[in-house]
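Spelled out, the chains give:
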Amino acid sequence: MAFGPEFISGLAGALRKILPLRVNRIEGGEAWTALKTSNEEWLLLSWASGASGICPASQNEINALKEISPSRAPMAEALKSRLLHGGEIFEVEQINNDRILKFSAKRRVSAGFSINYFIVIEITEPVSNFLILDKNNKIDEAARHSTPDVNHFRTILPGHVYIAPPEFEGVN
């Protein structure tokens, strides 16, 4: 099911009410990542075609997803190094009033020092995406890579500056 920008705006508002979130555990599959928060609840982020979005999930639902998922979960592994051991998601914003959410996150590395980065989920069916950006909006990792010969509007590869997809031109 495709969601419109107005739904994503409401979702961002609901997420702001539960932030900040300290992340204690991360699980994932090929097209999803789940974050277990300090209050023992799961937040599921999916960029699967036909099933992209964000929602709360139970431990049983996460276990069921793990059973049917391949053992390799590159985005979950990429997030583990950034969010675990003192990681926190503290802000969310909707980009360009579109179907894109950008989470601000940080991980404490020593007394008084932290590393800031962003987690972006593009809920833009049929090619939703999940990206990790550094503090300068450069792509550290992306679930779906895109080169100029495939996408003339933007390049989605590690090291490139993140450019949001073309703005949604539906009813506003």
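Residues numbered from 1 in each chain as written. Predicted model: local features only at pLDDT ≥ 70, side-chain atom pairs only at ≥ 80, totals over all residues. Heavy atoms only, no water.

A. Quick peek at the sheet that holds strand E5 (residues 87–94). If you trace the nine strands from one edge of the open sheet to the other, you get E4-E3-E2-E1-E5-E6-E7-E8-E9, paired in antiparallel fashion. Unpaired on one side and paired on the other, strand E4 (53–57) and strand E9 (139–142) mark the two borders of the sheet. Averaged over all pairs of adjacent strands, the angle between their axes in this sheet comes to 30°, without regard to strand direction. The pairing of strand E2 (residues 32–37) with strand E3 (residues 42–46) spans five bridges and is antiparallel. Bridging across to E3, Lys 36 finds its partner in Trp 42. In this fold helix H2 (residues 59–68) packs onto strand E1 (21–29), E2, E3 and E4, with an angle of close to 150° to the strand it touches most, E2. (Pairing = 2+ DSSP bridges. Helix = DSSP H or I, 4+ residues; strand = E, 2+ residues; numbered from the N terminus. Axes fitted to C-alpha atoms, helices over the stretch in contact; angles between N-to-C directions. Contact = heavy atoms within 4.5 Å.)

B. Representation of the side chain of Ser 128 within the structure. Locating Ser 128 in the fold gives a position in the loop between strand E7 (113–122) and strand E8 (129–134). Here Ser 128 falls in the buried class, since its relative accessible area comes to 0%. Look past the residues within four positions of Ser 128 in its chain and what remains in contact with it is Trp 47, Ser 52, Glu 122, Ile 123 and Arg 144. (Buried < 20%, exposed > 50% of the residue type's maximum accessible area, 1.4 Å probe, protein only.)

C. Region of interest: the packing of aromatic side chains. Per the counting criterion, the structure on display carries one aromatic pair. Between the aromatic rings of Trp 47 and Phe 130, the centroid separation amounts to 4.6 Å while the plane-to-plane angle is 15°, which identifies the pairing as stacked. Of this pair, Trp 47 sits in the loop between E3 and E4 while Phe 130 sits in strand E8, placing them 83 residues apart in sequence. In this structure, Lys 102 is placed above the aromatic ring of Phe 118, and the distance from its NZ or CZ to the ring centre is 4.2 Å. Across the ring face of Phe 90, the terminal group of Lys 106 is positioned such that the distance to the ring centre comes to 5.3 Å. (Phe/Tyr/Trp six-rings, centres within 6.5 Å; stacked < 30°, edge-to-face > 60°. Lys NZ or Arg CZ within 6 Å of the ring centre and 35° of its normal.)

D. Spotlight on the pairing of E3. Of all five residues in E3, five are buried, a share of seventy percent or more. Here E3 shows a buried face lined by Trp 42, Leu 44 and Ser 46 and a second buried face lined by Leu 43 and Leu 45. As judged from the five bridges shared by E3 and E4, these two strands associate in the antiparallel manner. In the strand pairing of E4, Leu 44 is matched with Cys 55. Count of turn residues in the E3/E4 antiparallel hairpin: six residues, of which Gly 50 carries a positive phi of about 85°.

Nothing here speaks to function; it is all geometry.
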